[in-house]
Amino acid sequence: MTNHWVDIKNADLIFVMGGNPAEAHPCGFKWAIEAKKNRKAKLVVVDPRFNRTASVADFYAPVRPGSDIAFLGGVINYLLTNDKIHHEYVKAYTNASFLINEGFSLEDGIFTGYNEEKRSYDKANWSYQMGEDGFVKVDQTLQDPRCAFQLLKTHYSRYTPEMVAKVCGTPKEAFLKVCEYIAETAAPDRTMTSLYALGWTEHSVGSQNIRCMAIIQLLLGNMGMAGGGINALRGHANVQGITDFALYAQNLPGYLAVPSDAEPDLKTFLDKKTPKLLRPGQMNFGQNLSKWYVSLHKAWWGDAATKENGFAYDFMPKLAGASDVLSIFDQMYQGKINGFFCQGFNPLASVANKKKVGDALAKLKYMVVIDPLATDTSEFWKPHGEFNEVNPAEIQTEVFRLPTTLFAETTGSFTNSGRVIQWRWKAVEGPGDAKDDTEILAGLFLRLKEMYAKDGGAYAEPIQKLTWAYRIPGKPSPEELMMEYNGKALADVTDPKDPTKVLVKAGDQLPSFAMLRDDGSTTCGNWIYCGVWSQAGNNSARRDNSDPSGLGQTLNWGFAWPVNRRILYNRASADLAGKPWDAKRTVLKWLGDKWGGNDIPDMRPDAAPEQNVMPFIMTGEGVGRLFSLGLMNEGPFPEHYEPFETPLDANPMHPNNPKALSNPAARVYKGDMEAFGKAKDFPYVATTYRLTEHFHYWTKQSRINAIMQPEQFVEIGEELAKEKGIVAGDKVKIRSNRGFIKGVAVVTKRIKALDVDGKKVHTVGIPIHYGFKGATKPGFITNTLTPFVGDANTQTPEYKAFLVNIEKA
Amino acid sequence: MNMNRRQFFKVCSAGLGGSSIALMGFSPNAALAEVRTFKLARATETRNICPYCSVSCGVLIYSTGDKSKNSQSEIIHIEGDPDNPVNRGTLCPKGAGLRDMIQSQNRLKWPEVREAGASEWKKISWNEALDRIAKHMKADRDANFVAQNKDGVTVNRWTTTGFLASSAAQNETGYLTVKMLRALGMTSIDTQARI
């Protein structure tokens, strides 16, 4: 979230598309209801199902799964053609006026630089025109045909209300009504908050769905405002924290770049990865990369990280190419992975194409499941009737299952979707011999360290030199770990303007990342968390919920990253002179000598408005990007592509270009393309979803949840039920080209057939929560059906739009 | 002030504890000896956070015992934390069922192994489990560690053992996990957060 949960109450319009917070995030959705009650805010929902969020909405519009870009592109076109944008904001705070390279264009759905064989783009022309002064050329009148604003206008002029209706199946009047609601928030003192979740991310164009909203919110001037922003309603209670700590290959903690083979030494790495200043006078905060990166190496390798060895640059493994969950399972399927750990993760149930995942696991030499519960994955080798038909004798994988404690049995911190880090306290011991994850990890690590010391082996130095100064080495405590990732001063940290002035004494905890240095005098395991455990103590454990602003900022409750800031880009909540766009919801204002207000300024505190330091300080431009350069793999402007399994024969936007049918830059592995089904065999669109009573594949293990929603069901509309002769309560079989599941038919008015490109399209809704292990009735795993293809940037699988057939079982 | 048993219960159920009643000048006589106070009044209250969705609702966990050395505690009740500014004491149907998750019949209680080709689990000790896993890791790492790529650039990576990390784990676990995996040279790492 750029904003936070309670801030939803400050909105004038709550726009929910790609999420269903009333059912998936009920206690957070309360703040949408507060906004309706206390501010007379409106709630608008766009979704394939008339879900429970829609049931309390002021307006609902249906949309075909996988057509969100067409819809949102239509909104962008509406705002531009009806002049419903926040002009001053767009001109000053976005790259609307920036001139784009002459070589960039779109031809029949494909941007310049496409390589069909590699399914990827050469992005050289997706760039700015640079002036002789070394800065980007701009046209403040926004009239130059090559400025981002004019290119945006041209790009989305094709997304007419008629085209939206044709692609999305949304009636034109309903679409226009949604546009009218959204357009009202172009007024400087009105805001829209966008709430989305997996309904936007789980598509082969997921990231571009969100890019559309980024463009819309910039055009409306809603970024940085109280009650504005783009708010991802995320999954687990600490999914935000685990993402921040980069438990994935492409980043290091705090979203730092990972060294690759093209950067053989620290200097090359920093030169390549440090963003360049693109407009004069901007903060370009990313220029501090060297301080964050060196401090990370100092936290991990201490005295072994010296100036002479590039702060142990070679200790960090270089990225080996793709290693997202789909690519890991594809590698495993090909027999290239021998060992595998599942820490609190049930991939047999949660990754696309269960058959492929199960076959891949069967090729492992060893697998280690670290989990509080007996998961489906841990028994992938065990026959469970028709739900898991396998022969154990044929599976040679050695499987270990290690019991861990649950949240109530450990002390430590979670970071919520609004980036607020909150401390938790342990209530009871875990059952039996269960151990904390940290103790299990330490047990393995200390064994390996000892074995390498005794027997030698491949490159043991980073293992031997890893800092491990925990009071009990086999049980690092959560307090020690938080203090470590917060970071401390190894030598006195002095003021760069006055070296005689000591800002932080040697040995002290650091108060903020502003104190980090690249000379090896500071440590920090995650720069964005710096300040969470300062000399004042554990700030995540603060429990003062007072809210003097009335905006719900509660600045003394927990600690938000970065530097306890609650609303990102909050400098944009004020005009160029530093006056709030809406004084009643002041987030930040210029006080004459510094920035102040009701939040931690997202701006240099003494940057006077006349210095023209723009609000988006993490970009080299200082402004928000309508044109996203080469940062997205399928293009600088989102373009509509069909899901990989589409009910249509062609992309209605590019009927004569088969190359532009589905995301041209999405990665598809050998064998998976062949496993996509066609509409003639699988005529219905399927979309997976979640129930209020269940959480992923977890609560099926809990008795009360199993009582409330005991069994797999499948939701179909009345018209389809009639066509297929299915009545409520019938057992049905749902097939995709990858397998089948069975469930009880629930026939509802909530999913209606849509008229798409002259064709009637039915949608089938499939809850995901069931499996063969748990307290619920044993069932099939829904991901037996889903396709093994992901978004071209994040590789998040396309769970929300694929093709099935349905019949009575 | 006199009070009969029924009246006394009525006052108690309105949420007043025995001691505050005495302070107010009430002095229930014989009835006091018979009253069964609320279990929660003597339970230990611990502040924690619901592990399900990212609203991360504050919860109050009530357990028996006072956490003194060697005493056994058991969770008897969980409810929303009214101080938490986000959930303000509320919980959804998922969060309201948290106790059944913690006390699920399917909680794992000891390490187990399923040997290659076997059709059942076998209980093993922590030492055996961790020794065997560490040996597998070292053997795989030593056999497949790549110190340099084909162009002679130092890459120091180990790609043949993968790790999927939990989004339900706390930050401190996540931090120790990433620190240890990177030190081992591991690059096939991914998280639930992606899906």
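Residues numbered from 1 in each chain as written. Chains lettered and ligands numbered in written order. Predicted model: local features only at pLDDT ≥ 70, side-chain atom pairs only at ≥ 80, totals over all residues.

Along its length, chain A carries 21 helices and 31 strands. The C-alpha atoms of chain A give a radius of gyration of 27 Å, which matches the 28 Å a tight globule of 809 residues would have. Considered along the principal axes of its C-alpha atoms, chain A spans approximately 85 × 70 × 55 Å. Put simply, chain A has 809 residues, and 59% of those count as buried. In chain A, the proportion of contacts linking residues at least 24 apart, taken out of those at least 6 apart, comes to 71%. (Helix = DSSP H or I, 4+ residues; strand = E, 2+ residues; numbered from the N terminus. Rg over C-alpha atoms; globule rule 2.2 N^0.38 Å. Buried ≥ 20, exposed ≤ 12 C-beta atoms within 10 Å, placed from the backbone. Contact = placed C-beta atoms within 7 Å.)

This part is about the domain arrangement of chain A. Accessible area lost upon the coming together of the parts serves often as the stated size of an interface. All names here are of chain A. Per the domain assignment, the segments making up chain A are domain 1 (6–232) and domain 2 (658–808). Domain 1 and domain 2 are separated by 27 Å when their C-alpha centres are compared. In this complex, domain 1 contributes 30 residues to the contact, which on the side of domain 2 involves 35 residues. For the side of domain 1 that touches domain 2, the elements supplying multiple residues, two or more each, are helix H1 (21–24), strand E7 (120–121), helix H7 (161–168), helix H9 (198–201) and helix H10 (206–220). (Domains from an automatic or database assignment.)

Pairing is mixed in the open sheet, where seven strands are placed in the order E5(B)-E4(B)-E14(A)-E13(A)-E12(A)-E8(B)-E9(B). Each end of this open sheet is capped by a strand with a single partner; those strands are strand E5 (122–123) and strand E9 (189–191) of chain B. Bridge analysis of strand E12 (residues 339–343) of chain A against strand E13 (residues 366–371) of chain A gives five bridges, and the strand direction is parallel. Counted as the bridge partner of Gly339(A) is Tyr366(A) from E13(A). (Pairing = 2+ DSSP bridges.)

Let us now look at the environment of Lys42(A). Residues and elements named next belong to chain A. Following the sequence through the fold, lysine 42 ends up in strand E2 (residues 42–46). When the C-alpha atoms of lysine 42 and alanine 11 are compared, they prove to be 8.7 Å apart, with 31 residues separating the residues in sequence. Leave out the neighbours within four places in its chain, and lysine 42 touches Leu13, Asp58 and Tyr181.

This brings us to the sheet that holds strand E16 (residues 420–424) of chain A. Strand pairing within a sheet occurs via backbone hydrogen bonds; the two strands may be parallel or antiparallel. All names here are of chain A. The sheet built from three strands is open, its strands ordered E15-E16-E21 with antiparallel pairing. The two strands at the open ends of the sheet, each matched to only one other strand, are strand E15 (412–415) and strand E21 (559–560). Both E16 and E21 contribute to a ladder of two bridges, which runs antiparallel. Residue valine 420 lies in a different strand from E21, and its bridge partner there is alanine 560.

With that settled, the discussion passes to the packing of helix H4 (residues 68–81) of chain A against H7(A). Residues and elements named next belong to chain A. Relative orientation of the contacting elements H4 and H7 amounts to 165 degrees, with a least axis distance of 9 Å. Regarding the angle of H4 to H7, the classification is roughly antiparallel. In the crossing of H4 with H7, the sense of the turn from one axis to the other is left-handed. Residue-level contacts link Ala70, Phe71 and Gly74 of H4 to Pro161, Met163, Val164, Val167 and Cys168 of H7. Among the residues forming the contact of H4 with H7, the class breakdown is seven nonpolar, one polar and no charged. (Axes fitted to C-alpha atoms, helices over the stretch in contact; angles between N-to-C directions. Parallel < 35°, antiparallel > 145°, perpendicular 65-115°, else oblique. Left-handed = near helix turned anticlockwise from the far one by under 90°. Nonpolar A, V, L, I, M, F, W, Y, C, P; charged D, E, K, R; others polar.)

Listed by partner, the interface residues are 133 residues for chain A and 102 residues for chain B. Residues that form the side of chain A that touches chain B fall into these classes: 73 nonpolar, 41 polar and 19 charged. Summarising the sheet, strand E14 (residues 398–403) of chain A and strand E4 (residues 112–114) of chain B pair through three bridges and their orientation is antiparallel. In the strand pairing of E4(B), Arg401(A) is matched with Glu112(B).

All names here are of chain A. For E2, the buried fraction is high: four of the five residues fall into the buried class. As judged from the three bridges shared by E2 and strand E3 (residues 59–61), these two strands associate in the parallel manner. Opposite valine 44, over in E3, you have phenylalanine 59 as the bridge partner.

The geometry of helix H17 (residues 437–455) of chain A relative to helix H6 (residues 171–184) of chain B is characterised by a closest axis approach of 9 Å and an angle of 15 degrees between their N-to-C directions. Classified by the angle between their axes, H17(A) and H6(B) sit roughly parallel to one another. Relative to H6(B), H17(A) is oriented so that their crossing is left-handed. Where H17(A) abuts H6(B), its residues Asp437(A), Thr438(A), Leu441(A) and Phe445(A) lie against Glu172(B), Thr173(B), Leu176(B), Thr177(B) and Met180(B). Its residues assigned to classes, the contact of H17(A) with H6(B) comprises four nonpolar, three polar and two charged.

This part is about H6(B). The terminal C-alpha atoms of H6(B) lie 20 Å apart, and with 14 residues this matches the ideal 20 Å at 1.5 Å per residue to within 8%. Counted residue by residue, H6(B) has 14 buried out of 14 residues, so it is predominantly covered. (Expected span 1.5 Å × (residues − 1).)

With that out of the way, let us pick up the domain arrangement of chain B. Here the domain parsing of chain B yields domain 1 (5–37), domain 2 (40–102), domain 3 (108–137) and domain 4 (145–195). Its C-alpha centre places domain 2 of chain B at a distance of 33 Å from the equivalent point of domain 3 of chain B.

Looking at helix H19 (residues 478–486) of chain A, one finds that the buried residues are Pro478(A), Leu481(A), Met482(A), Glu484(A), Tyr485(A) and Asn486(A). Downstream of H19(A) by a residue or two, Gly487(A) has a phi angle that is positive, lying close to 95 degrees.

By secondary structure assignment, the location of Lys808(A) is in strand E31 (residues 802–808). Other than its neighbours up to four places away in sequence, Lys808(A) contacts Ile726(A), Asp730(A) and Val732(A).

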